Amino acid sequence: MRTFPPEIVKIYEEIRDMKIRGAGRIARAAAMALKMAAEMYTGDDERILEYLSSVASYVGSSRPTAVSLPNALHYVLSRVKLAKRRGVRPLKEVAIRAADQFIEYSLRAVEMIGKIGAGRIKDGDVIMTHCNSTAALSVIFEAWQRGKRIKVYATETRPKFQGHITAKALASKGIPVILIPDSAVRYFMKDVDKVVLGADAVAANGAVVNKIGTSLIALSAHEARVRVFVAAETYKFSPATLFGELVKIEERGAEEVVGEKYLAKNPKVVVRNPAFDVTPPEYIDAIITERGIIAPQAASLVLIEEYGREFGDYLTNITSDMEDEGYVG
Ligand code: RUB
């Protein structure tokens, strides 16, 4: 197996071990890994694409669910590929510029989502959020900044307690926040006006993959007729789902749920720890992207707008395979 510079291995390990977490941050870290790989590359221009692709496969295998991770890697690699085809040199510079562009776009997108989403929050609204989403917090922070007196219920988000980070961040800005156990979501839903969540992936049919428990919150909101907003940058939309692929749900270690001691003492107890779940589009009112608010059912349009040309190439390849096999023509 290829060995990579320690700086790249560090990014891989920090994503795997959740020191870098949240789909947006993961995406920016992945772009940064490719930028660093390009900066440190000393070989010839001909081989750089192959090298960056191997770095991308390595970094891309750190966590499976956040689609922002492969999308960020693809953003950089596709630009290097295009430059190579067009004879633009040096490719190293192209990779560095593309990574910077992605990071800048991503940060700006989170800001835009805040500005757009805040328009949907009313003075006096009680909001519920889950886990720790920069995009969801951007909406809440911007609403507060505009003088809307809001209150937030933040779920603690077992087993890793990312809700504690959210509650701390809200409290540090002076926003009234109540931290609740995940199991208390339905109990408090009657007090809530809007649910604002993040996303790790948005599928072509508008289904949202986010921290485990999200679908239960959406279900509970649906029952109580509370609106559910998902704040998601467009690079969290999954192109592969347009072709029938499913988003892989990460399952993490049992020790995160019960601890090593319990596991050792109770070897017959099976513990499962899925990190994400899927919320169907029927339970989502709108997705707030940096390009505007869309109905979840419009997710495939975002994908076609973003990847249309590549889909065209992909379909041409399939069709020519079918022609070769005598199905078409
Ligand atoms: C984080 C999580 C967040 C999304 C969106 O899960 O589910 O809601 O990643 O975050 P984990 P952001 O802690 O397991 O990474 O809006 O910051 O991209």
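Note that the coordinates shown come from a computational prediction; the quantities given were computed from them, not determined experimentally. For every chain, the first residue of the written sequence is number 1, and numbering continues from 1 onward in sequence order. Under the rules for a predicted model, residues below a pLDDT of 70 receive no local features and side-chain atom pairs below 80 are neither given nor counted, while totals for whole chains, interfaces and linings still include all residues. Think of the side-chain values as coming from all heavy atoms in the structure, minus any hydrogens and water.

**Looking at the side chain of lysine 35**
Piece 1. Numbered from the N terminus, helices here are DSSP runs of H or I no shorter than four residues, and strands are runs of E no shorter than two. As for its position among the elements, lysine 35 is in helix H2 (residues 23–40).
Piece 2. Residues contacting lysine 35, with those up to four places away along its chain left out, are Ile96, Ala99 and Asp100. By the convention used here, residues are in contact when the closest approach between their heavy atoms is within 4.5 Å.

**A word on the sheet that holds strand S9 (residues 286–289)**
Piece 1. Taken in spatial order, the seven strands of this open sheet run S3-S2-S1-S4-S7-S9-S10, and their pairing is mixed. Looking along the sheet, the strands with just one partner apiece sit at the ends: strand S3 (177–180) and strand S10 (292–294). If you compare each strand with its neighbour and ignore which way they point, the axes differ by 25° on average.
Piece 2. Judged from the two bridges that link them, strand S1 (residues 126–129) and strand S4 (residues 194–197) form a sheet pairing that is parallel. Across the sheet, the residue bridging to methionine 128 is valine 195, located in S4.
Piece 3. For every element, the axis is a line fit to its C-alpha atoms; helices are fit only across the contacting stretch, and the angle between N-to-C directions ranges from 0 to 180 degrees. Where helix H5 (residues 91–118) meets the sheet, it contacts strand S7 (227–231), S9 and S10, and its direction lies at approximately 135° from that of S9.
Piece 4. In the packing of helix H7 (residues 162–172) onto the sheet, contacts are made with S1, strand S2 (151–155) and S3, and the angle to S3 comes to roughly 170°. Only strands joined by at least two bridges in the DSSP assignment are considered to pair.

**A closer look at the pattern of salt bridges**
Piece 1. Here, a salt bridge means any Lys or Arg side-chain nitrogen found within 4 Å of an Asp or Glu carboxyl oxygen. Considering all chains together, one arrives at 23 salt bridges under this definition.
Piece 2. Between glutamate 46 and lysine 84 there is a salt bridge, and its shortest N-O distance comes to 3.9 Å. One end of the pair, glutamate 46, is in the loop between H2 and helix H3 (48–60); the other, lysine 84, is in helix H4 (residues 68–86), with 38 residues separating them in the sequence.
Piece 3. Take glutamate 46: its relative accessible area is 48%, and that puts it in the partly exposed class.
Piece 4. A residue is classified by how much of its surface remains accessible, and lysine 84, at 27% relative accessible area, is partly exposed.
Piece 5. Among the salt bridges present, the one from lysine 194 reaches aspartate 125, with a minimum N-O distance of 2.6 Å. Accessible area is worked out with a 1.4 Å probe on protein chains only. A residue is then buried under 20% of its type maximum, exposed over 50%, and partly exposed in between.

**Let's talk about the packing of aromatic side chains**
Piece 1. Pairing of aromatic rings covers Phe, Tyr and Trp, the last through its six-membered ring, and needs centres within 6.5 Å; plane angles under 30 degrees mean stacked, over 60 mean edge-to-face, and all others mean tilted. Across all of its chains, the model carries eight aromatic pairs by this definition.
Piece 2. Taken together, the ring pairs connect Phe4, Tyr12, Tyr41, Tyr51 and Tyr58 into an aromatic cluster.
Piece 3. Above the ring of tyrosine 75, the side-chain terminus of arginine 79 is found at 3.5 Å from the ring centroid.
Piece 4. For a lysine, the NZ atom is tested; for an arginine, the CZ atom; a charge sits over a ring if that atom is within 6 Å of the ring centre and within 35 degrees of the ring normal. Across from the ring centre of phenylalanine 276, 4.4 Å away, lies the NZ or CZ of lysine 211, which sits over that ring.

**Quick word on the domain arrangement of the protein**
Piece 1. Start and end positions for the domains come from either an automated domain assignment or a database one. Looking at the protein, the domain boundaries give domain 1 (6–110 + 309–325) and domain 2 (113–307).
Piece 2. Taking the mean C-alpha position of each, domain 1 and domain 2 sit 26 Å from one another.
Piece 3. The partner domain 2 presents 36 residues to the 27 residues of domain 1 that form the contact.
Piece 4. Each partner contributes to the roughly 2500 Å² buried at the junction of domain 1 and domain 2, and carbon and sulfur atoms together form 58% of this total.
Piece 5. Of all residues in domain 1, the largest losses of buried area upon contact with domain 2 belong to Thr65, Val110 and Phe311, amounting jointly to 28% of the total for that side. Throughout, the accessible surface (probe 1.4 Å) given up by two parts as they are put together, summed over both, is called the buried area.

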